[in-house]
Amino acid sequence: MPPEPVDLLIEARWVLPIAPVNTVFTDHAVAVTSGKIVALGPIAQMNERFEARERVVRRDHALLPGFVNAHTRAAMTLFRGLPVHGPRSRWVRDTVRPVEQRCMRADFVREGTQLAIAEMLRAGITSFASTNLFPEEAARVASAARMRAAIGLPVADSPNVWADSATAHFERAEQLWDEYKSDPWVCLYFAPQDAAEVSDDTLIRVRRVADELDARIAMESPPLQRLHALGLLRPGFAAIPQDAWNDAESELVATTGICVIACLQSDLRLGGGTPSSVSKLVGQTVGLGSGDPASVGAIDLLAEARVAALLGAGSVSAADALRLATLGGATALGFGADTGSIEPGKYADLVCVDLNRLACQPTSSVPESILFGATRDQVSDVWTSGRVAVSDGHLLAFDEQELMASAQNWLARLG
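Residues numbered from 1 in each chain as written. Predicted model: local features only at pLDDT ≥ 70, side-chain atom pairs only at ≥ 80, totals over all residues. Heavy atoms only, no water.

J.: Residue-level account of the pattern of salt bridges, with values.
T.: Following the criterion strictly, the structure yields 22 salt bridges and no others. The salt bridge partner of Arg80 is Glu119, with a shortest N-O separation of 3.0 Å. Pair noted here: Arg80 is in the loop between strand S5 (67–72) and helix H2 (88–103) and Glu119 is in helix H3 (residues 106–122), with a separation of 39 residues, a long-range link. Judged by its relative accessible area of 27%, Arg80 falls in the partly exposed class. A salt bridge links Asp94 to Arg93; the nearest nitrogen and oxygen atoms lie 2.9 Å apart. (Salt bridge = Lys/Arg side-chain N within 4 Å of Asp/Glu carboxyl O. Helix = DSSP H or I, 4+ residues; strand = E, 2+ residues; numbered from the N terminus. Buried < 20%, exposed > 50% of the residue type's maximum accessible area, 1.4 Å probe, protein only.)

The structure is reproduced here in structure tokens:
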């Protein structure tokens, strides 16, 4: 039989499919067509089976699923440079909110999200979740960049520059839901703001509307006991903790089937506690997020995974940590059936990491070489649904000089 035509064949020294667990294939290739993974197998067999329109050979690299940033506030890339000091609540109140009140508007969210997406792609992140005011701007940027995104729909009782009441928030959310319900790149979820400032009635309304739309809900610092009483804690809810949980709260996480998204570096920098020991979280639906770029600095999921392994104190292996940063995050965002692992039928959201560096030698354990030897600067190639976004270290989707000029412009305006 003649070879089967495919769009792309990627050959790599190592392939880490993430599923099955703890698997590393040597000298394997991945075939891609129409944006999806067709097959994975030894290089010689794949070249016999397929005739590729494009062939990419990476002899010193590891190929793995793209990283998934399960929580960030993308527009806050433009707040990097603000002084950072814990505790988080005081920092948000005294440093972040005054600046937000001056500059939070559509063009700020648009340009901040562009900067964040470019940075994430260059760091091997192929999917992300973000919440800010003006979610329509973030959604448009993600869709235009062809990057898989879950965009939070803010809900609040207090007026802000996006909506003047809880009802207005729901009305604007409904409009955006209709606009993006068929978008191949963007999905929406409900993101109630500061729980202390959102009434029970509004939270119950969030639950009801989310049920009607089959939408997910995610909250930072969620008051678990209160939310459980209101019926929000169930599959499809993501908790983004910023302080340690007590035993009763940890039990709620284990019994209600909710997801957990840990933003470890941001929490550490602002003096917060991890929600539980990281080792206990591995067996649950857990993803990793960068949190807001103002507090964490670089958006770096590889670094987040490294911290997860270190905090696990030996009980979280390198393979475990990489799974949290890929399939774990995809599952937490509801993307697990489509991305997060290298399996036929899933979208070809893929990343190559160059391990031909001194810090990665000798490469006796590929997961450990990636996690503890490599940095995000060793990401050489990135594909989203089989479309190249970074090629041989060069970002193709954005003009980096324009983005840096925009960031400097906002820095001057914020000052």
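J.: I'd love a proper account of unusual backbone geometry, names of residues and values included.
T.: Excluding glycine, most residues fall at negative phi; most peptide bonds, likewise, are trans. Here the bond from Gly86 into Pro87 is cis, since omega is -5°, no more than 30 degrees from zero. Its place among the elements puts Pro87 in the loop between S5 and H2. Of note, the bond from Gln361 into Pro362 is cis; its omega dihedral lies within 30 degrees of zero at -10°. Along the chain, Pro362 falls in the loop between strand S13 (350–354) and helix H14 (366–373). One non-glycine residue, Asn22, lies in the positive phi region at around 60°.

J.: Tell me about the sheet that holds S13, residues and numbers included.
T.: Spatial strand order, S3-S2-S1-S4-S13-S14-S15-S16: eight strands in an open sheet with mixed pairing. Looking at strand neighbours, the two that pair on one side only are strand S3 (36–42) and strand S16 (394–395), the edges of this open sheet. As paired strands, strand S1 (residues 4–15) and strand S4 (residues 50–65) are joined by 10 bridges and run parallel to one another. The residue bridging Trp14 from the neighbouring strand is Ala62, located in S4. (Pairing = 2+ DSSP bridges.)

J.: Any details on the packing of H3 against helix H15 (residues 400–414)? Residues and values, ideally.
T.: Axis separation between H3 and H15 bottoms out at 10 Å; the angle between their running directions is 135°. The angle between H3 and H15 places the two elements in the oblique class. For the crossing formed where H3 meets H15, the hand is left-handed. Counted together, Asp107, Phe108, Glu111, Gln114, Leu115 and Ala118 of H3 and Leu403, Ser406, Ala407, Trp410 and Arg413 of H15 form the full contact between these two elements. (Axes fitted to C-alpha atoms, helices over the stretch in contact; angles between N-to-C directions. Parallel < 35°, antiparallel > 145°, perpendicular 65-115°, else oblique. Left-handed = near helix turned anticlockwise from the far one by under 90°. Contact = heavy atoms within 4.5 Å.)

J.: I'd like a description of the side chain of Thr326, backed by residues and values.
T.: Tracing the backbone shows Thr326 in helix H13 (residues 318–332). From its side chain, Thr326 meets the backbone oxygen of Leu322 in a polar contact 2.8 Å long. Each residue touching Thr326, except ones within four places of it in the same chain, is listed here: Ile18, Pro65, Gly66, Phe67, Val68 and Gly340. (Polar contact = N/O pair within 3.5 Å; in protein donor to acceptor, adjacent residues only side chain to side chain.)

J.: Help me get a handle on H3, residues and values and all.
T.: Between its first and last C-alpha atoms H3 spans 25 Å; for 17 residues at 1.5 Å apiece the expected length is 24 Å, and the two agree. Counting buried residues in H3 gives 12 out of 17 residues, a clear majority hidden from the surface. The positive-phi residue at the C-terminal boundary of H3 is Gly124, with phi of around 85°. (Expected span 1.5 Å × (residues − 1).)

J.: An account of the environment of Gly66 is requested, with residue identities and associated values reported.
T.: Residue position: Gly66 is located in the loop between S4 and S5. Judged by its relative accessible area of 1%, Gly66 falls in the buried class. Not counting residues up to four positions away in its chain, the partners in contact with Gly66 are Gly124, Thr126, Thr326, Asp349, Leu350 and Val351.

Geometric descriptors of this kind do not, in isolation, establish any biological role.
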